[in-house]
Structures are given as structure tokens and as C-alpha cells.
Amino acid sequence: MTTANAPLSTEAPPKKVASAERATVLYDAPGPRAKVRNHIISAVVLVLVLLAAYVIYAKLDEKGQLTSEKWSPFTESSTWTTYLVPGIQGTLVAAGLSIVLALILGAVLGIARLSDHRPVRLVAGFFVELFRAIPVLILMIFLYQFFAEYQVFKSRYLALAAVVTGLTLYNGSVIAEIVRSGIQSLPKGQTEAAMAIGLRKGQIMRMILLPQAVTAMLPAIISQMVVALKDSALGYIIGYVEVVRSGQQVGAFYGNFLPALIIVAIIMIILNSLLTYLATKVEKRLRRAKKSPVPVDQGAAMGGATV
């Protein structure tokens, strides 16, 4: 029995299409004219950007803002001890207090919005929606005037109290929504199983839902903590001594506003980076602790029986 050999194909294998020539689902691949037009537009934009940069440089150089003399005050310890270090301390104090209080307030409001009692849900929802809608700066100004009018705090603490209270109310309301959404994202079967074994609502929230939701909420909470740190700079409007106000004082005293603001920007970037790094380390540790096996007490597992 013989079989015929299949004819060999003389056609060349199809060539791979270059990635730049492949059609995209977002837009049509530009043709020769479109490519030339895009190159011309890009060149014009680049020239305009360089021209604007040169104009800015010329104006700054004309005012003497780029000379080494404008940067020399930052090499003196008196500039840091008199202006910048107290400003950094003010920023850290206001941000630290507001972050801690906002986390507590957010947890309380977030859980209250999930309450079985309708009045509790309505009050918590009204509180959250109200302070989420008011800008932080307006809150600070209003609270400063309120505290001063009714002498709630001593005069030297008025600005700090207004900054901390404003940041706490705003960020606490935002964190409340994060907490509520984090708890609601968990499978409902866990709550039903916990109720089936006789756990109360408070025990379910404290022992089952919150520990799981915290891990899922941490990235959003970290972002909100950074927002609270940055928003503390708004306190300079009401006279609170923080790093931005300290930078303005340095610029007014030495006449070097641009270098002072650049130094302030670098300080804020460093503070935000450190806060993000610290919060990320805490998040990773919590995730590792959640994944690590929990040692079982054999005596407790056997009902306390001894052999």
C-alpha cells in the first residue's frame, strides 16, 4: 500500500507585523501626513516650553533669586532653629493629632452607618455627608472664629485647635466611608455564619469583620493620612506656625522666596514619603501576621483536659 506525498508549500511564512504598524483599538494608526503633522506639533510645543522656561529663568535671574547668596541662609543653623524646625514641629503635631482623631472618628461613624437602628444611621450619614462637603480651609476659618468668640481654648492654642478639629472632621468623614465600604465588601456569609453560632452584632464586628476589613482598607487610609499631612499646611491662613508659614517667614526676612519655597517643598515631600513608608511597613506586617499560622493550644483545643 502506497501513499502520495503531500506537495511542499512554496509560500513564505507570513511576516510578523511590527508593533507600531499594528492596528489599535483606541485609535487608527497615523499615516505619513499625520506623522509629519504630529512631529511638527511636538516640535512647536517643545519650543514654546523652552521659551517659557527661558523667560522664567530670565525673570528670576533679573531679581537675583538664583544667586548663591539666596541659598546661603539655609546653611546657617539659626535659620533652621528659628524658622524651619518650629514649622516642621507644628506640621507634625497638627498632622499627628488629626490623623489619630480622624481614625477614631472615622471608625465610629463608619460602624454607625451600618447600625441596625435607623436614627443612628441617619445621624451618622448626615454628619459624614455634611463635613465631606465643606472645604477644609472654610472649616478651619469658621472653627478659629468660633473658638475665639466663645473662648473655648486659650489664645495660644486657638490656631492649633482649629487646624486639628477641621482636619479631624473632614478626614474622619472620609475615613468613615472607607470603613463602611471595607466592611460591606466582605462576604455576607461570614456574618450569617457568626450569627448562626450565637455571636452578637458587636462581637461579629469586633472579632470577625473589622480585622479583615482593616487589611483591605489600609491603602485608602494611608492615602487619606497623607492628605491630612498636606492639608495641615492650610493652617498658615489662620496664623498657625507650620512649615509653609515658616518658609514664608524665611523668604520675607532674607528676600529669597523662591529658595525658601523650594526648601519647604522638599521638606513636605520628605515628610509625606516617610509617612507613606511607615504606613506601608505597618500594612505589610499586618498582612504577614494575617497569613502566618496561629499556634493552637492543645489543652484549650481539648477542652482543658489533661493527660
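Right above here is the structure, for reference.
All of these numbers come straight from a predicted model, not from anything done at the bench.

1. Description of unusual backbone geometry
Positive phi is not limited to glycine here, since Gln 151 has a value of about 50°. Secondary-structure assignment places Gln 151 in the loop between helix H5 (136-150) and helix H6 (158-184). Under the relative-accessibility criterion, Gln 151 is labelled exposed at 68%.

2. A short note on the packing of H6 against helix H8 (residues 201-231)
Remark: H6 packs on H8, axes separated minimally by 8 Å, with the N-to-C direction vectors making an angle of 145°. Once H6 is placed against H8, the crossing between them reads as right-handed. Contact residues: Leu 167, Tyr 170, Asn 171, Val 174, Ile 175, Ile 178, Val 179, Gly 182 and Ile 183 in H6; Met 205, Leu 209, Leu 210, Ala 213, Met 217, Ala 220, Ile 221, Gln 224, Val 227, Ala 228 and Asp 231 in H8. Residue classes in the contact of H6 with H8 are distributed as 16 nonpolar, three polar and one charged.

3. What to know about the packing of aromatic side chains
To describe a pair of aromatic rings, one takes the distance between the centres and the angle between the planes. Within the structure shown, the criterion is met by eight aromatic pairs. Look at Tyr 83 and Phe 253: their rings are 6.2 Å apart centre to centre, the planes differ by 40°, and that puts the pair in the tilted class. A residue pair is termed long-range when its members are at least 10 positions apart, and Tyr 83 in helix H3 (residues 77-112) and Phe 253 in helix H9 (residues 243-254) qualify at 170 residues. You can call Tyr 83 buried: its relative accessible area is 15%. The interplanar angle of 85° and the centroid separation of 4.8 Å between the aromatic rings of Phe 253 and Tyr 254 together place this pair among those described as edge-to-face. The class for Phe 253 is exposed, based on a relative accessible area of 55%. You can call Tyr 254 partly exposed: its relative accessible area is 26%.

4. Things to note about the pattern of salt bridges
Inspection of the entire model under this criterion finds six salt bridges. With its nearest N and O atoms 3.7 Å apart, the salt bridge here joins Glu 129 to Arg 113. Placement of Glu 129 in helix H4 (residues 118-133) and of Arg 113 in the loop between H3 and H4 is noted, with a sequence separation of 16 residues between them. Given the relative accessible area of 40%, Glu 129 is considered partly exposed. By relative accessible area, Arg 113 is classed as partly exposed at 21%. For the salt bridge of Arg 113 with Glu 177, the shortest nitrogen-to-oxygen distance reads 2.4 Å. Separated by 64 residues along the polypeptide, Arg 113 in the loop between H3 and H4 and Glu 177 in helix H6 bring together distant segments of the chain. For Glu 177, a relative accessible area of 14% translates into the label buried.

5. Description of a nonpolar patch on the surface
Taken together, the side chains of Val 36, Ile 40, Val 44, Leu 48, Leu 51, Tyr 54, Val 55, Tyr 57 and Leu 66 make up a nonpolar region of the molecular surface, amounting to roughly 880 Å² of accessible area. Its place among the elements puts Val 44 in helix H1 (residues 32-62).

6. Quick look at the nonpolar core
With 36 residues, the main nonpolar core has Ile 183 and Val 243 as its most contacted residues. Contributions of two or more residues to this core are made by H3, H6, H8, H9 and helix H10 (257-291). The biggest single contributor to this core is H8, with ten residues. Ignoring any residue separated from it by four or fewer positions in sequence, one finds Ile 183 in contact with Leu 114, Met 205, Leu 209, Leu 210 and Ala 213. Counting 17 residues, the second largest nonpolar core, distinct from the first, contains Leu 143, Phe 147, Ala 162 and Tyr 240.

7. Some points on the side chain of Thr 79
With respect to the secondary-structure elements, Thr 79 resides in helix H3. The contact partners of Thr 79, leaving out residues within four places of it in the chain, are Pro 73, Phe 74, Leu 84, Val 250 and Tyr 254.

8. Here we look at a positive patch on the surface
Residues Lys 281, Lys 284, Arg 285 and Arg 288 make up a contiguous surface patch of positive charge. Among the residues examined, Arg 285 registers a relative accessible area of 60% and is labelled exposed.

9. Focus: the packing of H5 against H6
Where H5 meets H6, the axes come as close as 8 Å, and the angle between the chain directions of the two elements is 135°. The orientation of H5 relative to H6 falls into the category oblique. Handedness of the crossing formed by H5 with H6: right-handed. Across the interface between the two elements, Val 136, Leu 139, Met 140, Leu 143, Tyr 144, Phe 147 and Ala 148 from H5 touch Leu 158, Ala 159, Ala 161, Ala 162, Val 163, Thr 165, Gly 166, Leu 167, Leu 169 and Tyr 170 from H6. Here the contact of H5 with H6 is built from residues that sort into 15 nonpolar, two polar and no charged.

The rules behind each value
- Residues numbered from 1 in each chain as written.
- Predicted model: local features only at pLDDT ≥ 70, side-chain atom pairs only at ≥ 80, totals over all residues.
- Heavy atoms only, no water.
- Helix = DSSP H or I, 4+ residues; strand = E, 2+ residues; numbered from the N terminus.
- Buried < 20%, exposed > 50% of the residue type's maximum accessible area, 1.4 Å probe, protein only.
- Axes fitted to C-alpha atoms, helices over the stretch in contact; angles between N-to-C directions.
- Left-handed = near helix turned anticlockwise from the far one by under 90°.
- Contact = heavy atoms within 4.5 Å.
- Nonpolar A, V, L, I, M, F, W, Y, C, P; charged D, E, K, R; others polar.
- Phe/Tyr/Trp six-rings, centres within 6.5 Å; stacked < 30°, edge-to-face > 60°.
- Salt bridge = Lys/Arg side-chain N within 4 Å of Asp/Glu carboxyl O.
- Patch = residues over 30% accessible without salt bridge, like charges linked within 9 Å, V, L, I, M, F, W, Y side chains within 5 Å.
- Areas by Shrake-Rupley, 256 points an atom, 1.4 Å probe, with all protein chains shown as cover.
- Core = buried A, V, L, I, M, F, W, Y, C linked by side-chain atoms within 4.5 Å.
- Lys, Arg positive; Asp, Glu negative; His and termini not counted.
- Charge placed at Lys NZ, Arg CZ, Asp CG, Glu CD.
- Parallel < 35°, antiparallel > 145°, perpendicular 65-115°, else oblique.

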